Each structure stands twice: as C-alpha cells, then as structure tokens.
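# Examining the three-dimensional arrangement
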Amino acid sequence: MTQEKPIWHNFNVVVLAGGVGGAKLADGVARLVAPERLTIVVNTGDDFEHLGLKICPDLDTVMYTLAGVANPETGWGRAQESWRVMTEVAHLGGPDWFRLGDLDLATHLVRTHLLRQGERLTAVTRHLCQKFNISPAILPMSDQSAPTMIETDDAVLSFQDWFVAQRWQPSVRRVRLPEDVRASGAVARALELADLVLLAPSNPFVSIDPILNVYPVREMIMDIPRAVVAVTPIIGGQAVKGPAAKMMQELGMPVTATAVAAYYGDLIDGFVYDTRDEHTVTELPVAGLATDTWMKDVPDRIRLAQEVLDFAARLATE
Ligand code: GDP
C-alpha cells in the first residue's frame, strides 16, 4: 500500500534556529523533509573566540543534535564527553569558565584551522556536516561576525560574558545587534526558494532576532509568498530552559505565548502555542495552533515537526 504524501512533500522549508529549542525542532523537521528541500539557518550572534579557538555554540548544538551525538542532559556539547584537556587548562591557570570537552574541542580546532586557511564559515560548516553525515544544509546566518551584545543596568556585556560567565543574571535593558551584517549567498538563495519558513522555539531576542537582523533576511521573509510559522518558546508562562521568560519580564512584556506572537507581529502568518497555555491565549494576531510543544524525546520532535509542517502547509495553500 502506498502512503499518501503530505501536502508539504515538495515544499522547500527553511528553519531559523538558535541552540537547544531550535535544534530539537530542526531535528524533527530533518526526519520528515527531504534533505534537498531543507535548510536550517542558525544564529551566530553567540559566537566568540576562546583559548584562541572560534566557538559557534548554536551551530554546534544544531550539528550535534542532527548527527545524534549531542549531550541530552546539558543541551550543549557532545554525549559521552571527557574533560581531560579542560581539567589540565584549569590546572595550568587557564580560563575554564566556558567548558569545552575533549570531543567538542576537535570541532573547534578543525573549524579554527579551516577559517585561518581562509575558508568561510559557511564552507567550514558544510565540511563539518559532511563529516557528521548530516544531509540537510545547516547554514550560519552570515559569514561576517555579528556579535550580540547585552546592555544591562551596569554595563554592556558580550553575549557569553552575560550568558555563561554571569549566568544570565544581570537584568537586560536592551539587546544590541550589529548593523551592516549581510546574509551569505547560500542563506539568500534558500530564502528565495522557500515555501515555508519556520521560526523554531528559540529565544526570540538572542536567537531569532539576530538572524532576522542580518540583511536582507527579515525583508525576504516578509516577501515569502507561502507561510511563515513560529513555535512558542514559552510553555505555561515559563521558558523550558534559559533566559527567555526572564528577559520578557525585564523588557516589559507579559510572559505569555501571545506576547511572543505579538512580538513577531506581521512577520508571521501562524503561531503554534502549547495546550497548557490555551486559557491565556487571547486575541492572537495570526492563525493559531494549540498542541503539546514540549519536545522531551525524539518522537516528540517528529510529532511536533509534523504538526507544524501540516499547519504551515495548510496556511500556505489556503
Ligand atoms: P540556546 O541558544 O541554546 O539558548 O537555544 P534556543 O534559543 O534555541 O532555545 C532556547 C529557548 O527554547 C528557550 O526559550 C526555551 O524555552 C525554548 N525551548 C527549549 N526546549 C523547548 C521545547 O521542547 N519546546 C518549546 N516549545 N520550547 C523549548
């Protein structure tokens, strides 16, 4: 018996993703959509240099997750990791506030080596993905550096200083995104051909906004003739992980799924929120879909991805 193909089977899909939440949805989508039809555009606003190495935390989380080698407990780094190098770095009085495991270090060494040879980050990421047997395209949002800065009450901090060193405790006044950062040709081509754009359940301010800020990503998404759908990072008035809820409060927004939808505004055609929030979701500015959005395991990722794709395809073909 042949199974009926979903309406989106011949659609080109672009997923915008940060780290943990983004990687989980991207993994679900990658298990359903043909690799040649899927592009995952990843935030590089968190990238920085540490111990002389170029670190791209969100690219690595997406890459490790799709390769099936991510550490499920931490949400970052590799599974079955060892820490011999880091232990010795600490012993030698080196900086150990940003933890880099032995296997993870290999990624940063090879990436840094190839970048120093003059390769662009897009090409380096393609090389690493090939080695990890990842078929869909994972693209950095830009080949230029685009550091996200966090303006707190007392200082302007680099992202990793605020996020890791200070454990996102200093209250956020504003997120500063750089001007004049341009998308790579590969990102522009993927958006040009996109039928569906999915904003993953990532932090809107420090994962999705930095991607939208890259010229001309926002402008191109506004022009997509088919559907743009966002998935909530807020469940039951809280972030599953990380500072999204705390930031919403500090930026003067209600900590609700509706506020996330309103924040994306007319960029999106549809919004997927959690059934736990059904009672709070009022006056959604776009079409809504309520479902269980908490991805605790791989079957959850696939189920949510399927529902999001079906919903977006319905909106696109209406
Ligand atoms: P980061 O760069 O590692 O912080 O990762 P992201 O920005 O991609 O993801 C962090 C956001 O994803 C947080 O706001 C979480 O609330 C959200 N998130 C993480 N896991 C899930 C999940 O399973 N479901 C939903 N709906 N949101 C999630």
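Residue indices follow the written sequence of each chain, beginning from 1 at its first position. Per-residue local features are limited, in this predicted model, to residues with pLDDT of at least 70; the limit for side-chain atom pairs, both in listing and counting, is 80 or more; totals at the level of whole chains, interfaces and linings are taken over all residues. Heavy atoms from the whole structure form the basis of all side-chain values; hydrogens and water molecules are not counted.

## Observations regarding the site of the ligand
We call a residue near a molecule or strand as soon as one heavy atom of that residue lies within 4 Å of the molecule or strand. Around the ligand, the surrounding shell holds 21 residues, and the nearest of these are Pro-201, Ser-202, Ser-207, Pro-233 and Val-240. Counted as a polar contact is a pair of N or O atoms within 3.5 Å, where, for protein atoms, one must be capable of donating a hydrogen and the other of accepting one, and residues adjacent in sequence contribute only when both atoms are in side chains. A distance of 2.9 Å is found between an oxygen atom of the ligand and a backbone nitrogen or oxygen belonging to Gly-19. At a separation of 2.8 Å, an oxygen atom of the ligand approaches a polar backbone atom of Met-295. Put simply, DSSP H or I for four residues or longer makes a helix, DSSP E for two residues or longer makes a strand, and each gets a number counted from the N terminus. Among the elements that line the shell around the ligand, the one with the most residues is helix 1 (residues 20-30), at 4 residues. Each residue gets one label: Ala, Val, Leu, Ile, Met, Phe, Trp, Tyr, Cys and Pro are nonpolar, Asp, Glu, Lys and Arg are charged, and the others, such as Gly, are polar. Among the residues forming the shell around the ligand, the class breakdown is 9 nonpolar, 9 polar and 3 charged.

## Brief notes about the pairing of strand 13 (residues 270-274)
The element strand 13 is largely enclosed, with a buried count of 5 among its 5 residues. Burial along strand 13 is two-sided: the residues Gly-270, Val-272 and Asp-274 and Phe-271 and Tyr-273 are all buried. Only when DSSP finds a minimum of two bridges between them are two strands counted as paired. Note that strand 10 (residues 227-231) and strand 13 share 3 bridges and pair parallel. Bridging from a neighbouring strand, Val-229 pairs with Gly-270 of strand 13. Here strand 13 runs beside strand 14 (residues 287-291); their pairing, made up of 5 bridges, is parallel. Paired with Val-272 across the two strands is Leu-289, which belongs to strand 14. Any residue under 20% of the maximum accessible area for its type is buried, any over 50% is exposed, and the rest in between are partly exposed; the area is computed with a 1.4 Å probe on protein chains only.

## Details of the sheet that holds strand 8 (residues 172-176)
Consider a sheet: its strands pair through backbone hydrogen bonds, and that pairing is either parallel or antiparallel. What the 3 strands build is an open sheet, ordered 7-6-8; its pairing is antiparallel. Only two strands of the sheet have a single partner each, and these edge strands are strand 7 (156-158) and strand 8. Averaged over neighbouring strand pairs, the angle between their axes works out to 30 degrees when direction is ignored. Two strands pair when backbone bridges link them, and strand 6 (residues 149-152) and strand 8 are joined in this way by 4 bridges, in the antiparallel orientation. Among the inter-strand pairings, Thr-152 is bridged to a residue of strand 8, identified as Val-172. Here an axis means a line fitted to C-alpha atoms, over the contact stretch when the element is a helix, while the angle between two N-to-C directions is reported on a 0 to 180 degree scale.

## Side note on the sheet that holds strand 13
Pairing in this open sheet of 7 strands is parallel, and the strands run 5-2-1-9-10-13-14 from one edge to the other. In this open sheet, the two edge strands, each paired with only one partner strand, are strand 5 (137-140) and strand 14. Recorded for the sheet is a direction-independent mean angle of 20 degrees between the axes of neighbouring strands. Running over the sheet, helix 7 (residues 185-193) touches strand 1 (13-17), strand 2 (38-42), strand 5 and strand 9 (196-199) and is turned about 125 degrees from strand 5. Residue contacts follow a heavy-atom distance rule, with two residues in contact if any of their heavy atoms lie within 4.5 Å.

## Details of the side chain of Thr-293
Counting through the fold element by element, Thr-293 comes out in the loop between strand 14 and helix 12 (298-317). Judged by relative accessible area, which is 4%, Thr-293 ranks as buried. Discounting residues that sit within four places of it in the chain, Thr-293 has contacts with Val-231, Thr-232, Ile-235, Val-272, Tyr-273, Asp-274 and Leu-304.

## A few points about the packing of helix 2 (residues 57-67) against helix 4 (residues 102-116)
Where helix 2 meets helix 4, the axes come as close as 12 Å, and the angle between the chain directions of the two elements is 120 degrees. Overall, the two elements helix 2 and helix 4 adopt an arrangement that is oblique. For helix 2 against helix 4, the interelement crossing comes out right-handed. Along its contact with helix 2, which presents Asp-60, Met-63 and Tyr-64, the element helix 4 presents Asp-104, Thr-107, His-108 and Arg-111. Residues that form the contact of helix 2 with helix 4 fall into these classes: 2 nonpolar, 2 polar and 3 charged. Put simply, angles under 35 degrees are roughly parallel, angles over 145 are roughly antiparallel, angles from 65 to 115 are roughly perpendicular, and the rest are oblique. In this scheme the handedness of a crossing depends on how the near helix is turned from the far one: anticlockwise by less than a right angle means left-handed, clockwise means right-handed.

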